[in-house]
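Structure at a glance
For reference, the chains in residue letters:
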Amino acid sequence: MNKSELIQAIADEAELSKRAASEFVDAFVSVVTQAMKDGKDVTLVGFGSFHTAQSAERKGRNPKTGEPLTIAARKTPKFRAGKALKEAVNR
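To keep things clear, this report deals only with the structure shown in the data block. Given the structure is predicted, the values throughout are model-derived calculations rather than measurements.

On to the pattern of salt bridges, then. This model, assessed by the stated rule, comprises two salt bridges. Its salt-bridge partner being aspartate 26, residue lysine 3 comes within 2.7 Å of it at the nearest N-O pair. With lysine 3 in helix H1 (residues 3-14) and aspartate 26 in helix H2 (residues 18-37), the pair connects residues that are 23 residues apart, well separated along the chain. Under the relative-accessibility criterion, lysine 3 is labelled partly exposed at 46%. A residue is classified by how much of its surface remains accessible, and aspartate 26, at 35% relative accessible area, is partly exposed. In this structure, glutamate 23 and arginine 19 form a salt bridge, with 3.3 Å as the shortest nitrogen-oxygen distance. Of this pair, glutamate 23 and arginine 19 are both found in helix H2, four residues apart, which corresponds to roughly one turn of the helix.

Set out below in structure tokens:
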């Protein structure tokens, strides 16, 4: 499902206009992104939680040349599915 299909599904499910559903999706993505940038977790009970994980600086190798290089430390966004979502998917 892509973004436009998600917007249409939300509009149908919540009986909203497509424009209102689009604004909702954009606002949701924006709020979750900003919260994660600020180092906060976003938890939707039963659905799951969005959080960040820190990866340490490490040594790597350029696959093209074989030259060693340093891969910088960084934050990575993660999603952990909640119990209700896992159960719904496995029914």
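Okay, H1 next. In this model, H1 (twelve residues) spans 16 Å end to end at C-alpha, consistent with the 16 Å of a helix rising 1.5 Å per residue. Count one or two residues on from H1 and you reach glutamate 15, which has phi positive near 55°.

Looking now at H2. Its 20 residues give H2 an end-to-end C-alpha distance of 28 Å, which sits within 8% of 28 Å, the value for a rise of 1.5 Å per residue. Listing the buried residues of H2 in full gives Ala21, Val25, Val32, Ala35 and Met36. Viewed along the axis of H2, the buried residues span an arc of 110°, placing them on a single side of the element. Exposed and facing more than 90 degrees away from the buried side of H2 are Arg19, Val31 and Lys37. Elements that come into contact with the buried residues of H2 comprise H1, strand S1 (42-44), strand S2 (48-55) and strand S5 (74-81). Looking at the residues trailing H2, positive phi occurs at glycine 39, about 85°.

Cut-offs applied
- Residues numbered from 1 in each chain as written.
- Predicted model: local features only at pLDDT ≥ 70, side-chain atom pairs only at ≥ 80, totals over all residues.
- Heavy atoms only, no water.
- Salt bridge = Lys/Arg side-chain N within 4 Å of Asp/Glu carboxyl O.
- Helix = DSSP H or I, 4+ residues; strand = E, 2+ residues; numbered from the N terminus.
- Buried < 20%, exposed > 50% of the residue type's maximum accessible area, 1.4 Å probe, protein only.
- Expected span 1.5 Å × (residues − 1).
- Arc of directions from axis to C-beta.
- Contact = heavy atoms within 4.5 Å.

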